[in-house]
Structures are given as structure tokens and as C-alpha cells.
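Given next are the chains, with one letter for each unit.
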Amino acid sequence: VLVEAASAAGIRLTLLDTCYLAGGLGPNGHLPLDPVQKRFSDGDAAGWRRRFTLLADRFDPTPSRTGAVRVGAAIHSVRAVAATDIPTVVAAAEGRPLHVHLSEQPSENAACQSYYGATPTALLHVSGVLGPSTTAVHATHLTDDDISLLGTSSTAVCFCPTTERDLADGIGPARRLLDAGSRPCLGTDQHALTDLLEEARALEMDERLASGERGRIELSQLVEALTVHGQRSIGWVDAGELRVGARADLVAVRMDSPRTAGSLVSQVVMSASAADVDAVIVDGRTVVEGGRHVLGNVGGLLQSSIEPLWR
Ligand SMILES: [Zn+2]
């Protein structure tokens, strides 16, 4: 259903099949799943691998030029997957994108330190998780050694600033991770706000608030986080940049909206919002034209789909 919906909406899709086996991590080990969490679980790592293999085998691991779906894997977090189960996911994800939520809140670090005697980053490192095809999501509360491990292993880092502010998680060390060698990319991690331009500028704005300095991350680096690094993180190595042979993905932003009028092109990442997107072309197919999506009024479609769920 997801694959068909993405195809209809013109979304090139990376499905990250997530291993989620425990309800949390306390100082004495992992907690059982609560009734709401049970539906996320495959019972054990072998169960996850069996289901993952069935899904992954349906799609080409490295899709052709026209392929629009690929499957990757995710370790939800060290809270939801025990260290003994992590290698099963790493092995299954070989050659595919691998994502993991990392140190989003201090309580994860405290529980991990207490139970394993290591930070979550160090635990992922010894479990073989870190590397260029891996993305750590959030990476908010890190030690100097954690930053060094993520940077030297070229692990990508996916910041989700609007979620991190919403949940009062804190501000991650974006500038220091960039300096250490991690590629930054951006996610939403929720549905309350879906505006990648807001996520991008929040990366710099949060750095300003935390450091008391402006100009911590260059605007061109924010654009790379929005485009090429994001595409790499979900496995589309031939997308996200304008060059001969790359996939024809283009986003055009109106320069005459109340927000963008008077902006220089280089400033658009700081002034525009998702509402200013005028055209979107995905793999050469026009998906948004004149601000209108091919499916019609997306807000109205969402309203008519979500409303019945409350009844
Ligand atoms: Zn998250």
C-alpha cells in the first residue's frame, strides 16, 4: 500500500524496515513492550530478519535508473534492540542504508551507560553499526569521543530540529559533527510540521542559540544537507545534485512570495517555506506545478483521510 501510495504521489521511496523488540532500556536492562508498542515487534531478531528478507527480496537492492523504491533497515535504537541482536540487523542491511536513532535524550545515555558501561555511540561502534552507509538520527547528546567515532567512520547524521525542539530534546553538536567528518542531513521525524526548509535553517539557528555566534553552518552546507547528503543517506547515490547523468530531480521556489520577495537566491534557504515551492520534478516527472500537486489539494486529501480516524 505504501509503495503504491508513494508511486501515485510521485515520491521516490526508501522503506526503512525497523527492528523494534523492547519497550525501552532501564539501568538493569531492556523492558517488555507495552500493548501499544507490541505491533512494532517481530518477537525476536530472527523474526525481524525473516520478514525483512521477504520485503527486501521484492525490490532490487540497487534500483535501475528508473527504479523508485528501495528497502533499507533500521535499528530503532539501543533502547529497542539489545546489543546481542544488533549484528543480525547489520548483517541483513549489508549493501543497503542502515538507520538508527541515537542519543536523542539524556535518559538513553544514562541507561546505556548503566547497563552496558558504554555510550550508545560506543555500543553501536563495537557492534559494527557505524560507517558511510549508516545514518544516526538525532545524535543530540554526544561526548567528544562519540563525535570523533561518528566523524572518523563517516557516519551520516540526520538532524530533525523541529522534532527536537517539540520534544524539548536539546540541540545536537551539528558544527562539531561536520568538522569531525559526518555528513549532515535532515528529517522531520513527525507529521506535525513537514517543511524541510524550516528543518534546514533550524540547524543554523539552533547553533546560533547554543553558541552565541552567527554563521556557524554555511548556507551551501544547509543546501547540501537538504539535497545530496539526504539522498545519500537513504541510498540514492545518483540523486540530489545537478550534474550530467544524475537523476532529474528539481525543486523550484517562488521568489515573489511574502517571504521570498527581495531575497537573493543564496538566501532562499533562510527565507522560504514549503508553501513557496512552485514546482517539483522527480526523476523527470512533474509532481508539483504552479504550487499544485498532481493528486490535487493535498491538505484537503489529508483532512478527508485523517478525520474519520478520530471518530
Ligand atoms: Zn526520533
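What counts, and at which threshold
Residues numbered from 1 in each chain as written. Predicted model: local features only at pLDDT ≥ 70, side-chain atom pairs only at ≥ 80, totals over all residues. Heavy atoms only, no water. Helix = DSSP H or I, 4+ residues; strand = E, 2+ residues; numbered from the N terminus. Rg over C-alpha atoms; globule rule 2.2 N^0.38 Å. Buried < 20%, exposed > 50% of the residue type's maximum accessible area, 1.4 Å probe, protein only. Contact = heavy atoms within 4.5 Å. Donors = N, O, S within 2.8 Å, 3.2 Å for Na, K, Ca; no water. Pairing = 2+ DSSP bridges. Axes fitted to C-alpha atoms, helices over the stretch in contact; angles between N-to-C directions. Domains from an automatic or database assignment. Buried area = accessible area lost by both parts, 1.4 Å probe. Core = buried A, V, L, I, M, F, W, Y, C linked by side-chain atoms within 4.5 Å. Patch = residues over 30% accessible without salt bridge, like charges linked within 9 Å, V, L, I, M, F, W, Y side chains within 5 Å. Areas by Shrake-Rupley, 256 points an atom, 1.4 Å probe, with all protein chains shown as cover. Salt bridge = Lys/Arg side-chain N within 4 Å of Asp/Glu carboxyl O. Expected span 1.5 Å × (residues − 1). Arc of directions from axis to C-beta. Polar contact = N/O pair within 3.5 Å; in protein donor to acceptor, adjacent residues only side chain to side chain. Right-handed = clockwise from strand over helix to strand, strands pointing away.

(A) How the structure looks around the overall build of the chain. Looking only at helices and strands, the chain has 13 helices and 12 strands in total. Relative to its length of 311 residues, the chain is compact, with a C-alpha radius of gyration of 20 Å against a globular reference of 19 Å. With 311 residues in all, the chain has 48% of them scored as buried. Across the chain, every contact between residues at least 6 apart in sequence was considered, and the portion connecting residues at least 24 apart equals 66%.

(B) Focus on the coordination of the zinc ion. In this structure, His101 (ND1), His138 (NE2) and Asp189 (OD) serve as the protein donors to the zinc ion, at separations of 2.1 to 2.7 Å. Sequence spacing among the residues donating to the zinc ion works out to H-x36-H-x50-D. Of the two residues, histidine 138 is situated in strand S6 (residues 134–138) and aspartate 189 in the loop between strand S8 (184–186) and helix H9 (196–211); the sequence distance between them amounts to 51 residues. A relative accessible area of 0% places histidine 138 in the buried class.

(C) Structural detail: the sheet that holds strand S7 (residues 156–159). In space, the 6 strands of this open sheet follow the order S1-S4-S5-S6-S7-S8, with parallel pairing throughout. Every other strand in the sheet has two partners, leaving strand S1 (13–19) and S8 as the edge strands with one partner each. The sheet shows a mean angle of 30° between the axes of neighbouring strands, direction not considered. Direction of pairing for strand S5 (residues 98–102) relative to S6: parallel, over a ladder of 5 bridges.

(D) Broad picture of the sheet that holds strand S10 (residues 277–282). Here we have 4 strands laid out as an open sheet, ordered S9-S10-S11-S12, and antiparallel in their pairing. The sheet is open, and its two borders are formed by strand S9 (250–253) and strand S12 (292–293), each paired with just one other strand.

(E) View of the domain arrangement of the chain. Segmentation of the chain into domains returns domain 1 (2–245) and domain 2 (248–311). Placing a centre on the C-alpha atoms of domain 1 and another on those of domain 2 gives a separation of 25 Å. Contacts between domain 1 and domain 2 engage 21 residues on the former and 17 residues on the latter. In this assembly, domain 1 packs against domain 2 so that about 1,400 Å² is buried in total across both faces, 59% of it on carbon and sulfur atoms.

(F) A look at the nonpolar core. With 55 residues, the main nonpolar core has Ile75, Leu124 and Leu177 as its most contacted residues. No other element matches helix H2 (residues 45–56), which puts 5 residues into this core. Each of two domains, domain 1 (2–245) and domain 2 (248–311), supplies a minimum of three residues to this core. Among all residues touching leucine 124, those that are not within four sequence positions of it are Val78, Ile86, Val100, Leu102, Val129 and Leu130.

(G) Seen up close, a nonpolar patch on the surface. Residues Val298, Leu302, Ile306, Leu309 and Trp310 make up a contiguous nonpolar surface patch of roughly 570 Å² in combined accessible area. Relative to the assigned elements, isoleucine 306 resides in helix H13 (residues 298–306).

(H) Structural detail: the pattern of salt bridges. In this structure the tally under the stated criterion is 19 salt bridges. Residues arginine 254 and aspartate 256 are paired through a salt bridge, measuring 2.8 Å at the closest nitrogen-oxygen approach.

(I) Region of the structure containing H2. Taking 1.5 Å of rise per residue, the 12 residues of H2 would be expected to cover 16 Å, and the 16 Å separating its terminal C-alpha atoms lies within 8% of that figure. Every buried residue of H2 is listed here: Ala45, Gly47, Trp48, Phe52, Leu55 and Ala56. For H2, the buried positions fall inside an angular range of 155° around the axis, keeping them on one side. In H2, the exposed positions angled more than 90 degrees off the buried face are occupied by Arg50 and Leu54.

(J) Structural detail: the environment of serine 153. Its location among the elements puts serine 153 in the loop between helix H6 (144–152) and S7. Residues serine 153 and valine 298, 145 residues apart in the sequence, show an inter-C-alpha distance of 40 Å. In this structure, serine 153 is in contact with Leu130, Gly131 and Pro132, ignoring residues within four places of it in sequence. From its side chain, serine 153 meets the backbone oxygen of leucine 149 in a polar contact 2.7 Å long. There is a polar contact of 2.7 Å between the side chain of serine 153 and the side chain of threonine 155.

(K) The arrangement of the pairing of S6 in detail. When you tally the buried positions in S6, you get 5 out of 5 residues, the bulk of the element. In terms of strand pairing, S6 meets S7 through 3 bridges, oriented parallel. Looking across to S7, one finds that alanine 136 is bridged to valine 157. Traced from S6 through H6 to S7, the parallel crossover comes out right-handed.

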